[in-house]
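Each chain is listed here by its residues.
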Amino acid sequence: DTGVSQDPRHKITKRGQNVTFRCDPISEHNRLYWYRQTLGQGPEFLTYFQNEAQLEKSRLLSDRFSAERPKGSFSTLEIQRTEQGDSAMYLCASSSTAGDDTQYFGPGTRLTVL
Amino acid sequence: ELKVEQNPLFLSMQEGKNYTIYCNYSTTSDRLYWYRQDPGKSLESLFVLLSNGAVKQEGRLMASLDTKARLSTLHITAAVHDLSATYFCAVGEGSQGNLIFGKGTKLSVKP
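What counts and what doesn't
Residues numbered from 1 in each chain as written. Chains lettered and ligands numbered in written order. Predicted model: local features only at pLDDT ≥ 70, side-chain atom pairs only at ≥ 80, totals over all residues. Heavy atoms only, no water. Pairing = 2+ DSSP bridges. Helix = DSSP H or I, 4+ residues; strand = E, 2+ residues; numbered from the N terminus. Axes fitted to C-alpha atoms, helices over the stretch in contact; angles between N-to-C directions. Buried < 20%, exposed > 50% of the residue type's maximum accessible area, 1.4 Å probe, protein only. Contact = heavy atoms within 4.5 Å. Salt bridge = Lys/Arg side-chain N within 4 Å of Asp/Glu carboxyl O. Polar contact = N/O pair within 3.5 Å; in protein donor to acceptor, adjacent residues only side chain to side chain.

Draft legend 1. Region of the structure containing the sheet that holds strand S1 (residues 5-7) of chain A. All names here are of chain A. The strand order across the open sheet formed by 4 strands is S1-S3-S8-S7, and the pairing between neighbours is antiparallel. With one partner strand each, in any of the chains shown, S1 and strand S7 (65-68) form the two edges of the open sheet. Direction aside, the axes of adjacent strands within the sheet are offset by 15° on average. Inspection of the sheet shows strand S3 (residues 19-24) paired to strand S8 (residues 75-79) by 5 bridges, in the antiparallel sense. Bridging across to S8, Val 19 finds its partner in Ile 79.

This is the structure we're talking about:
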């Protein structure tokens, strides 16, 4: 078990471009979460999946953001028409409802919008 | 709406000293987590606390939970430089899976 992985680790883009991030959870973890963290703040919840179903979305998740987990394994987070305010670390976490539901975090994708 | 407050936000300690970080939350929850984050790195799970009165210890760190007071504490005993990091508490929101995080406590342990 190699833990949660995310790709890419860093992304620099120009305002208005679309970006997509990928998260591979710990195998057999049925829950997958996306958070956003800005400098000096705690992570803020964006959305989560149980298997392939997207069960909750934060008010922070504007209509420019979309997330998928098509086969209940890896997930993608797409941001359309990026804005400078989207610059942040995007963290993915996974957990198992069979255990204590502790969320294990990936290394994150740092997005910089110029 | 669940709110999580940590204090202090910054803590400068000398090696060998003891201190406590506090985490207050505003509404009932059945799960509370403590995480550690080193600069530029992701979050590492430290403790999960699931019931009133729960106490967990790992090395120089001990976490406890009082659900009636909506308070968790992270106690540091005889601090060492390696404990320098930012510590977050996170509280489960209702029956949903998401966590609400505090702003974090940046701990600096000086020799």
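Draft legend 2. Just the environment of Lys 68 of chain B, in detail. Residue and element names in this part refer to chain B. Inspection of the secondary structure assignment puts Lys 68 in the loop between strand S7 (61-66) and strand S8 (71-76). Take Lys 68: its relative accessible area is 75%, and that puts it in the exposed class. Linking Lys 68 and Lys 3, residues 65 residues apart in sequence, is a C-alpha distance of 16 Å.

Draft legend 3. Region of the structure containing the interface of chain A and chain B. Residue-level contacts link 22 residues of chain A with 17 residues of chain B. Inspection of the chain A/chain B interface yields 0 salt bridges. Put simply, chain A and chain B have 6 residue pairs in polar contact (both at pLDDT 80 or more) between them.

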